[in-house]
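# Structural overview for review
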Amino acid sequence: MILCLCKGVSDRKVRELVKQGQSLREIVDTCHAGTGCGACAMDLREIVRHETDDEKSKIIALNTCS
Ligand code: FES
């Protein structure tokens, strides 16, 4: 699904960047999502927050299993 129509950035791309360890600021700098009209900014923030929480949960689970 295209998340940012202005810059043609998909939600999949944003999720990939979070998995690579990028912060919201780094994602914006990399793909420019949210730098046009701003209509996607709330959704962008929410996806990054959700995916970051998922990544943290995976790290905690890995650390407690070893
Ligand atoms: S839809 Fe993302 S900046 Fe316009």
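Presented here is an overview of the structure given in this document. None of the values given here were measured: they were computed from a predicted structure. (Residues numbered from 1 in each chain as written. Predicted model: local features only at pLDDT ≥ 70, side-chain atom pairs only at ≥ 80, totals over all residues. Heavy atoms only, no water.)

### Description of the nonpolar core
In a soluble, globular protein the nonpolar side chains are often hidden away together inside. Val 9, Val 14, Ile 27, Cys 31, Ala 33, Leu 44 and Val 48 are the most contacted members of the largest nonpolar core, which has 14 residues in total. At the level of secondary structure, the elements contributing two or more residues to this core comprise β1 (2-4), α1 (11-19), α2 (24-31) and α3 (41-65). Sequence-distant contacts of Leu 44, that is, excluding residues within four places in its chain, are made with Leu 3, Val 14, Leu 24, Ile 27, Val 28 and Ala 33. (Core = buried A, V, L, I, M, F, W, Y, C linked by side-chain atoms within 4.5 Å. Buried < 20%, exposed > 50% of the residue type's maximum accessible area, 1.4 Å probe, protein only. Helix = DSSP H or I, 4+ residues; strand = E, 2+ residues; numbered from the N terminus. Contact = heavy atoms within 4.5 Å.)

### Overview of α1
Within the sequence span of α1, burial applies to Asp 11, Val 14, Leu 17 and Val 18. Around the axis of α1, the buried residues are gathered within 120° of arc, so they sit on the same side. One or two positions beyond α1, positive phi appears at Gly 21, with a value near 95°. (Arc of directions from axis to C-beta.)

### As for the pattern of salt bridges
Any two side chains of opposite charge can pair if their charged atoms end up close together. Scanning the entire structure with this criterion turns up 6 salt bridges. Among the salt bridges present, the one from Arg 15 reaches Asp 11, with a minimum N-O distance of 3.1 Å. Of this pair, Arg 15 and Asp 11 both sit in helix α1, 4 residues apart, which is roughly one turn of the helix. Judged by relative accessible area, which is 26%, Arg 15 ranks as partly exposed. Among the ionic pairs, Glu 51 bridges to Lys 19, the shortest N-O distance being 3.6 Å. Highlighted residues: Glu 51 in helix α3 and Lys 19 in helix α1, separated in sequence by 32 residues. Under the relative-accessibility criterion, Lys 19 is labelled partly exposed at 48%. Look at the salt bridges and you will find they share partners, linking Asp 11, Arg 15, Lys 19 and Glu 51 into a network. (Salt bridge = Lys/Arg side-chain N within 4 Å of Asp/Glu carboxyl O.)

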